[in-house]
Amino acid sequence: MEEPHGRHRKKKGRDRGLVSEQEHEVAYLMRTAKVTRQKALEAIREAGPSREKVMAFLQGK
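Here the structure is a predicted model, which is why all the values come from computation and not from measurement.

Colleague: Explain helix α3 (residues 37-47) to me, please; I cannot follow it from the model alone.
Modeller: Along an α-helix, residues three or four positions apart point the same way, because every turn accommodates 3.6 residues. If you check which residues of α3 are buried, you get A40, L41, A43 and I44. Viewed along the axis of α3, the buried residues span an arc of 155°, placing them on a single side of the element. Along α3, exposed side chains directed more than 90 degrees from the buried face belong to Q38, R45 and E46. Its buried side turned inward, α3 meets α2 (23-33) and α4 (51-58). At the C-terminal side of α3, G48 shows a positive phi close to 90°.

Here you go:
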């Protein structure tokens, strides 16, 4: 089933577990993990696109 703007419902849940280097994603990481922009970008590059792995990286796990 299509949602407004051509989005698919199934894709929405899958994307929530992913993080990218888009500005709003980086800003979210900066706020939630209380880190600098540079540290947030480093975490994404080192840990990959998994939001769970990025947060673990930022928490030093």
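Continuing now.
Colleague: Sorry, what's going on with the nonpolar core here?
Modeller: Most often, soluble globular proteins have nonpolar side chains that are buried together. With eleven residues, the main nonpolar core is built from V19, V26, L29, V35, A40, L41, A43, I44, V54, M55 and L58. Going through the elements one at a time, α2, α3 and α4 are the ones with two or more residues in this core. The greatest single-element share of this core, amounting to four residues, is contributed by α3. When neighbours within four sequence positions are excluded, I44 is seen to be in contact with V19, S20, E21, V26, L29 and V54.

Colleague: What is the right way to look at α2 in this model?
Modeller: Within α2, burial applies to E25, V26 and L29. For α2, the angular spread of buried residues about the axis comes to 100°, placing them on one side. Seen from the buried face of α2, the exposed residues on the opposite side, beyond 90 degrees, are H24 and R31. Where α2 is buried, its residues touch α3 and α4. Backbone geometry just downstream of α2 places K34 in the positive-phi region, at approximately 55°.

The rules behind these values
Residues numbered from 1 in each chain as written. Predicted model: local features only at pLDDT ≥ 70, side-chain atom pairs only at ≥ 80, totals over all residues. Heavy atoms only, no water. Buried < 20%, exposed > 50% of the residue type's maximum accessible area, 1.4 Å probe, protein only. Helix = DSSP H or I, 4+ residues; strand = E, 2+ residues; numbered from the N terminus. Arc of directions from axis to C-beta. Contact = heavy atoms within 4.5 Å. Core = buried A, V, L, I, M, F, W, Y, C linked by side-chain atoms within 4.5 Å.

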